[in-house]
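# Inside the fold
Below, each chain spelled out in residue letters.
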Amino acid sequence: MLIPPRLRPGDLIGVISPAGPVDASDLKPGLDLLISRGFRVREAMHLYDRHDYLAGEDEARLSDLHAMFLDREISAVFCARGGYGSLRLLDRIDYTLIREHPKILVGYSDITALLMAIYKMTGLVAFHGPMVRGLPTVSEDSKEGLLQTVSSEQPVSFDPLKGTSLIPGTAEGPLLGGNLSLICHLVGTPFLPSLDGSILFLEDIGERLYRIDRMLTHLLLSGQLNGIAGLIGGEFIDCGDASSIDRLLMGVASGLKIPLITGFPLGHGRNNLTLPLGMSARLDSRRMTLHTLNPSVV
C-alpha cells in the first residue's frame, strides 16, 4: 500500500478531466474555492477539450493524467467531473509512473474506475470525494471533510457515523467501493481489486430499482461479494424509494452475515463525505463509528 504525501497550504493542485467534458465557466467557482482555501491550482493542458461526450481524445486525457503525476510541483490531482470515459483509459495508463510518483487523487462517480484501477495496479490510496465542478455546491461538512482528509496526519474518523444501522456488528478491512455501476463494469477486467475482507461502500444515481437489484445480483453471482467484511450504503439519488434500496442491501448483507449501514452521506447529493480508498478501517455498526487504522496521508 502506498500512502501519498499530505496536502499543505500553498501546495499546487492539478486539475484534470479524464471523463466527461467541462466548460471553464462551470469550473471557475470550484477553482476559486480552492484558491480561497490557500492552495494554488494548475489546469491540465487538455482540461477543456471536447470530443462528443468525452473531455477530448483518449490520448489527450491520458497525457494530462500522466503529466500531473510526473510534474514534481503538483502535490494533488483533483478531477473536474465524472460523466463517462475513465474506463477507456485503464489499459493504457502507465501504472509504474504513478507508483513512482504517488500523489493524492480525488474523484467519484465515473472516476471510481480510475481510483479502483490505480489502487489495484499500484497500491496507491486514492480518495473518493467531491470533484472541482461540484465543490462549491456540496455541504460545508463535505468541503471540510475533503480538505481535512487529504491534509491531516490523523486517521479519518466518523464518530458518530451518519446513517442507519440495519445489521449491527463490527468489521475490519480496507475501504473499497464507489459507484455501483462502475464497479460492475470492472468485473471481468484486471482492474478490479479483490473485495475479499473489505468494507465495501456503494452509491449510484439515476438507476431504476430493478437495475440496482440486477447489479447487486451480478456482483453476488460473480462471487465478488462473497468475502466482504462489511457493507456501507451511500446515497442512491433518483434510484427509487430509499426504503426499497435498503431492502435490497439488507438482502445482500443478511445473506453474507455482515454488518450493514445505509444512508451514509456519500455520492451524488449535496452531502458527499470523503473516504480514503484502500485504507484499512474499522466499522462498528452498533456504536455507529468508522475509523481508519492509520492516517491516509503522510
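Heads up: these notes are all about the structure in this document. Because the structure is a prediction, the values reported are computed rather than measured.

### A closer look at the sheet that holds strand β5 (residues 126-128)
The strands making up a sheet are joined through hydrogen bonds of the backbone, oriented either antiparallel or parallel. Strand order in this open sheet of six strands is β2-β1-β3-β4-β5-β12, and the pairing throughout is mixed. Strands with a single pairing partner mark the edges of an open sheet, and in this sheet they are β2 (40-43) and β12 (275-277). Averaged over all pairs of adjacent strands, the angle between their axes in this sheet comes to 30°, without regard to strand direction. The sheet contact formed by strand β1 (residues 12-16) and strand β3 (residues 74-79) spans five bridges and is parallel. Note that in β3 the partner of isoleucine 16 across the bridge is cysteine 79. In the packing of helix α2 (residues 58-70) onto the sheet, the strands contacted are β1, β2, β3 and β4 (104-107), and the crossing angle to β1 comes to about 170°. Its contacts with the sheet put helix α5 (residues 140-151) on β3, β4 and β5, and the angle it makes with β4 is roughly 160°.

### Some remarks on the side chain of serine 151
Tracing the backbone shows serine 151 in helix α5. Here serine 151 is in contact with Arg6, Leu7 and Val297, once residues within four sequence places are set aside.

### What to know about the pairing of strand β8 (residues 170-179)
Among the 10 residues that make up β8, seven are buried, leaving the element largely enclosed by the rest of the structure. Here β8 pairs with strand β13 (residues 280-284) via five bridges, running antiparallel. Bridging from a neighbouring strand, glycine 173 pairs with alanine 281 of β13. As defined by bridge partners, β8 adjoins strand β9 (residues 199-205) across five bridges and the pair is classed as parallel. Within β9, the residue paired with asparagine 179 across the bridge is glutamate 203.

So, how was this worked out
- As a convention, each chain's residues are numbered from 1 in the sequence order in which they are written.
- Totals for whole chains, interfaces and linings use all residues, but because this is a predicted model, local features are given only for residues with pLDDT of at least 70 and pairs of side-chain atoms are given and counted only at 80 or more.
- Excluded from the side-chain calculations are hydrogens and water; all other atoms, namely the structure's heavy atoms, are used.
- Between any two strands, pairing holds if DSSP finds at least two bridges.
- Each helix is a run of DSSP H or I of at least 4 residues and each strand a run of E of at least 2, with the numbering of both proceeding from the N terminus.
- An axis is simply a line fitted to the C-alpha atoms; with a helix, the fit covers only the stretch in contact. Between two such axes, the angle follows the N-to-C directions and lies from 0 to 180 degrees.
- Note on contacts: a residue pair qualifies if any of its non-hydrogen atoms lie within 4.5 Å across the two residues.
- Think of it in three bands: with a 1.4 Å probe and only protein chains considered, a residue is buried below 20% of the maximum accessible area for its type, exposed above 50%, and partly exposed in between.

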